[in-house]
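Results of the structural survey
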Amino acid sequence: MKKLKKFLAGVLTLAMAMSMMTITAFAAPTIEDSKDGKASLTVHKYEYNGAEVNDGTGSANDTVPTDAKPLAGAGFTIYKVVDKAGMDAYYSSNPTSLPDISTYVENGAIKAAYAGNQVGSEIVTGADGLAEFTNLEFCFYVVIETTKPAAVTEAVAPFLVSVPMTTVDGSEWLYDVHVFPKNGTTYGGVTLEKSGNDGTKLAGVTFALQKQKEDASGWVTISKASGAAGDDTGADLNLVTNAEGIIKVEGLSQGTYRFIETSVGSNNNYIMDGKTAYEFTVTDKGTVIYNGAEASDSVKIDIKNEKPDVDKQVTDKDGNLKDPGEGADYSVGDKIPYTVTIKVPANIVDLKVFKITDTPNNLKDDMGTIKVQCDGTDVAAAAYTKTEAGNGFVMEFVPAQMAAYAGKTIVVTYEATLLEGAVTGSTGNGNKATLEYSNNILPEDDPDNPNKDEEPKVDKVEDSATVFTFKVQILKKADSENGTPLKDVEFDLYREAKAGETGVTNAGELGLPSGKDWVKVNTTPLVTDANGEVGQSGLSNGTYYLVELKTKEGYNLLKAPVKVELKVQYTITTKDEYTTTADGQTTLTKHEVERVEFTGATDNAQGIVVSTVINKQGFELPTTGGMGTFLFTFVGIAMMAAAVILFFTSKKKEAK
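From a predicted model like this one, the values you see are computed outputs, not experimental measurements.

As for the overall build of the protein
Looking only at helices and strands, the protein features 4 helices and 46 strands. Evaluated residue by residue, the protein yields a buried proportion of 44% over its 656 residues. Sequence separation of 24 or more characterises 73% of the internal contacts of the protein that already satisfy a separation of 6 or more. By element, 49% of the accessible surface of the protein is carried by carbon and sulfur atoms, the whole surface being about 32000 Å².

Thoughts on the nonpolar core
Grouped together as the largest cluster of nonpolar side chains are 40 residues, with contacts concentrated most on Phe397, Ile410 and Val412. Listing elements by their share of this core, those giving two or more residues are strand E25 (309–314), strand E27 (335–343), strand E28 (354–360), strand E29 (363–374), strand E32 (392–397), strand E33 (409–418), strand E34 (429–438) and strand E36 (458–468). Per element, the largest residue contribution to this core is 5 residues, and it comes from E33.

A look at the sheet that holds strand E2 (residues 46–47)
Spatially, 3 strands are ordered E3-E2-E14 in an open sheet, and the strand pairing comes out mixed. Strand pairing shows two members of the sheet lacking a second neighbour, strand E3 (69–70) and strand E14 (182–183), which therefore form its edges. With 2 bridges joining them, E2 and E14 adopt parallel strand pairing. Within E14, the residue paired with tyrosine 46 across the bridge is lysine 182.

Details of the sheet that holds strand E19 (residues 255–263)
Strand pairing in a sheet takes place through backbone hydrogen bonds and is either antiparallel or parallel in direction. One open sheet holds the 6 strands; their spatial order is E17-E16-E19-E21-E22-E23, and the pairing between them is antiparallel. What marks the edges here is a single partner per strand, and that holds for strand E17 (219–221) and strand E23 (293–295). This sheet shows a mean twist of 30° between the axes of neighbouring strands, independent of strand direction. Of the strand pairs in this sheet, strand E16 (residues 206–212) and E17 are connected by 3 bridges, and their pairing is antiparallel. In the strand pairing of E17, lysine 211 is matched with valine 220.

Focus: the side chain of threonine 287
By the secondary structure assignment, threonine 287 is in the loop between strand E21 (277–282) and strand E22 (288–290). Classification of threonine 287 as buried rests on a relative accessible area of 12%. Here the side chain of threonine 287 touches threonine 283 through a polar contact of 2.6 Å, side chain to side chain. If near-sequence neighbours (up to four positions away) are discounted, threonine 287 is found in contact with Thr281, Val282, Glu294, Ala295 and Ser296.

Concerning the packing of aromatic side chains
Under the counting rule described, the total for this entry stands at 15 aromatic pairs. Look at tryptophan 518 and tyrosine 545: their rings are 5.2 Å apart centre to centre, the planes differ by 90°, and that puts the pair in the edge-to-face class. Taken together, the residues span a long stretch of sequence, with tryptophan 518 in strand E39 (residues 518–520) and tyrosine 545 in strand E42 (residues 542–550) at a distance of 27 residues. Geometrically, the ring pair formed by tyrosine 570 and phenylalanine 598 is edge-to-face, given 6.3 Å between the ring centres and 80° between the ring planes. Of the two residues, tyrosine 570 sits in strand E44 (residues 569–580) while phenylalanine 598 sits in strand E45 (residues 586–599), which places them 28 residues apart along the sequence. Residue tyrosine 570 is classed as partly exposed on the basis of its relative accessible area of 23%. An aromatic cluster is built from Phe207, Tyr257, Phe259 and Phe280, whose rings are joined through pairwise contacts. For lysine 312, the ring lying beneath its charged end belongs to tyrosine 338, and the centroid distance is 5.0 Å. In this structure, lysine 317 packs its charged tip against the face of tyrosine 330, placed 5.8 Å from the ring centre.

Overview of unusual backbone geometry
The omega torsion of the bond from valine 163 to proline 164 falls at 5°, within 30 degrees of zero and hence cis. Turning to its location among the elements, proline 164 is positioned in the loop between strand E10 (159–163) and strand E11 (165–166). With a phi angle near 60°, alanine 216 is a residue other than glycine that sits in the positive phi range. For alanine 216, the position within the fold is in the loop between E16 and E17. At asparagine 269, a residue that is not glycine, the phi angle is positive and equals roughly 75°.

Some points on the pattern of salt bridges
In the structure shown here, the tally under the stated rule is 25 salt bridges. In this structure, glutamate 388 and lysine 364 form a salt bridge, with 3.1 Å as the shortest nitrogen-oxygen distance. Separated by 24 residues along the polypeptide, glutamate 388 in strand E31 (residues 384–389) and lysine 364 in strand E29 bring together distant segments of the chain. Its salt-bridge partner being lysine 567, residue glutamate 565 comes within 3.9 Å of it at the nearest N-O pair. Accessibility expressed as a relative area gives 36% for glutamate 565, which makes it partly exposed. The exposure class of lysine 567 is exposed, given its relative accessible area of 55%.

Regarding the pairing of strand E1 (residues 38–44)
Where burial is concerned, most of E1 is hidden: 6 out of the 7 residues are buried. The sheet contact formed by E1 and strand E8 (residues 130–137) spans 6 bridges and is antiparallel. Bridging across to E8, alanine 39 finds its partner in leucine 136.

So, the side chain of glutamate 193
Following the sequence through the fold, glutamate 193 ends up in strand E15 (residues 188–196). At a separation of 3.4 Å, a polar atom in the side chain of glutamate 193 contacts the side chain of lysine 300. Setting aside residues up to four positions removed in sequence, glutamate 193 forms contacts with Lys201, Glu244, Gly245, Ile246, Lys300, Ile301, Asp302 and Ile303.

Considerations on the environment of threonine 42
By the element assignment, threonine 42 lies in strand E1. Placed 134 residues apart in sequence, threonine 42 and aspartate 176 show a C-alpha to C-alpha distance of 7.5 Å. Look past the residues within four positions of threonine 42 in its chain and what remains in contact with it is Leu130, Ala131, Glu132, Val177, His178 and Val179.

Observations regarding the environment of threonine 153
Among the structural elements, threonine 153 can be located in the loop between strand E9 (139–147) and E10. When the C-alpha atoms of threonine 153 and threonine 185 are compared, they prove to be 5.4 Å apart, with 32 residues separating the residues in sequence. In this structure threonine 153 touches Gly184, Thr185, Thr186, Gln254 and Asp284, once residues within four positions along its chain are discounted.

What to know about the environment of glycine 511
Position of glycine 511 among the secondary structure elements: in the loop between helix H3 (507–510) and E39. Along the chain, glycine 511 and valine 547 lie 36 residues apart, while their C-alpha atoms are 8.4 Å from each other.

Quick word on the confidence of the model for the protein
For the protein, per-residue confidence averages 85 on the pLDDT scale, and 84% of positions sit at 70 or higher. Overall, residues 1–27 carries pLDDT values under 50, and its contacts beyond four positions in sequence, including any with other chains, amount to 77 contacts. A low-confidence stretch, residues 225–230 stays under pLDDT 50, and its non-local contacts, those more than four residues away or across chains, total 10 contacts.

Reading the values: rules and limits
Residues numbered from 1 in each chain as written. Predicted model: local features only at pLDDT ≥ 70, side-chain atom pairs only at ≥ 80, totals over all residues. Heavy atoms only, no water. Helix = DSSP H or I, 4+ residues; strand = E, 2+ residues; numbered from the N terminus. Buried < 20%, exposed > 50% of the residue type's maximum accessible area, 1.4 Å probe, protein only. Contact = heavy atoms within 4.5 Å. Areas by Shrake-Rupley, 256 points an atom, 1.4 Å probe, with all protein chains shown as cover. Core = buried A, V, L, I, M, F, W, Y, C linked by side-chain atoms within 4.5 Å. Pairing = 2+ DSSP bridges. Axes fitted to C-alpha atoms, helices over the stretch in contact; angles between N-to-C directions. Polar contact = N/O pair within 3.5 Å; in protein donor to acceptor, adjacent residues only side chain to side chain. Phe/Tyr/Trp six-rings, centres within 6.5 Å; stacked < 30°, edge-to-face > 60°. Lys NZ or Arg CZ within 6 Å of the ring centre and 35° of its normal. Salt bridge = Lys/Arg side-chain N within 4 Å of Asp/Glu carboxyl O. pLDDT = per-residue confidence, 0-100.

In C-alpha cells, the structure reads:
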C-alpha cells in the first residue's frame, strides 16, 4: 500500500482531465542527483471531440487519436507548490496523502497564497501544439490553462504534476515529463453573397475578415496564414468572390466577426463600401448569429453594391422623348427640351461627391427652365445647388440632405437654345451630362478598419443626346438643269410659324400657301455665287418655301415660291465604353456615337438637300397674285376703254 501511495505522488493527480490513468505501482528508485535537480515539462495540446482512447504515462511516446490535431493559441502557466524536500517526503517509505488540487486552486485560478510561486511566464502553444517548460526544479507544480483558444468550449481543468515522475513500471524516473491534455472545440461557417443593386452577381470583390478581441478593445484581421485568434479555416483564406459572387469561410471559432469590403475589383462604376461592417457571431455551440437570426451551421450574408447611373434624353418636335442613343432635329434658334434621369444610390448619404455637369455643344442652357423632381414632386432646395457654367450648368447635390431620395430616381428637365453656328451633318450637336460621384465610402472613426488609410476617389458616367440640323442648298441655273449657273440671284427662305410666333404680313403677295402663318428664316437675302449656289443651314426637317427676290437681267423672275421639303432620316450607332486613368478613376461613356447614317438627302453624308431652281429668258406671264397682275390688268382695261372710245368716235363720223 505504501508503494502505491509513492507512485501516486509521482503521477498527475487529475489524471482523468489529462487523459491519463493511474498505473500499477512498482518500487521506484531514488531520485538521481546527477540531473542537478533540473527537469522539464512539455504540454502537448490538441483538440479532440471524441471519447478517451489512451492513458497518459508521462512519456513522450504516448499516442493520441488519429483524428486529434495540435491546437495553437493555448497558454499555460505553472506554479511551484511543493519543493524537493516535500517531494522526498511524499516519496518516502512512509508517505503522507497526495495533496488535493483544491489546496492550491479556486474557480480555475491559482489561490493568492501561491500566486507568487509562478515559474517564468505563460507559454502559448504554437502550430505544433507544444508548450515547453525547461530547467525546472524537482517538485510538484500546478498547471493552469491561462489562455483558452477561442475555438475551445472549455479550458482543461488545472492539475498537479510531479517533475520528475516514475515510469509506468516504477523502475526509473522520467526527468522530461510529457502530458497530453485535450480540449473539445466548436467551429462555425458563413457564406457571403455579393451582387449589385441591379441583381448582377459580382465576381472579384475582395473582403477582409476580422475578429473582435476578447476584451472587445478592437479587431484583428484573420487568415489561415496568420493563424490569428486561433482560427482554423482549413485553408488559406481567399476572400474574393467567385463567378457567382460567393465567398465561403468555415472553421471559425466562437467569437464575433465582421466582413469589410476592400475592393470591387473590375466591377466598374460600382461603389466600394469600405465603411460598413457586416458582423456575425459564432457561439460556443458552433451556431452562427447574424442580424438577430441564429443558424445551426452556416449563414448567408447578402451584400449589395450600389451603382449610380445617368441618362440624357432629348424631346423631338412632336413631343416624343427620345431614348438614349437616338437623336432629334431642330433649327437654329429653337428651344430644345432635355431630360436628365439620375439613379440615386441607396447609400447616397455616405458619399462625399454627387454632382451633374451639363456641357452643351452649340447650344445654350436656359437656367430659368431647370426643374428638379423626384416622384413628380420638387426636390428640396437644400438638397442641391445649381450654377451656370459656360453655356451649361453644374448641379451639386448635398449627400447629407439626400436621405429622402436614397435609392430613387431624380429627373432634371430644362430647355436649351440651338445657336448660330450649329453643326450641319452627321457630327450633330451633342449635349452631354456627366455624373460624378464618390466610388469608395471610407471609415471615419474606425482605427482597425483596413480601409482607414485609403484616399477618396471619384468615378464618372457620361451620356449625351444629339441634335441634328440640315441644309438647303440652292442651285440656280439658266433655262434648264444643265444650264449656265446664274450669279447674284437673291432668295428668301420661309418656314411655317410656330405657336406664339408672328408671321409675315405679305404672305399672300409672296404666293405662300394660305391658312398658315409664315416666318422668314434668313436675316439677309440669300445671294447665289459664281457657281449659282447659295445655302441656308441650321434647319430641321419640315416644309420650306424659297421666294425669289431678284434674278439676272434678261431672265424672268419666278412666278411662284419653290417648295423645298427636308425629310432626312437618321440612324445612330452607339457604344458604351469604360476608360480608367492612372489614378484609378473610371469613366463610363454611354451611347458614344460611332456612326450616323442619313437617308433622304441629296448629300446623305452631310444632310444637305439640293434644290435646283431654273430661270428662263423671254416673255412669261407674271406671278399670279403679284404686282405684275395688277399692271397688266390696268393696261388691259385702258386698252379696252380706248377701243370703246374709238368705236363710238367712228360711229359719230359715219352719222355725219
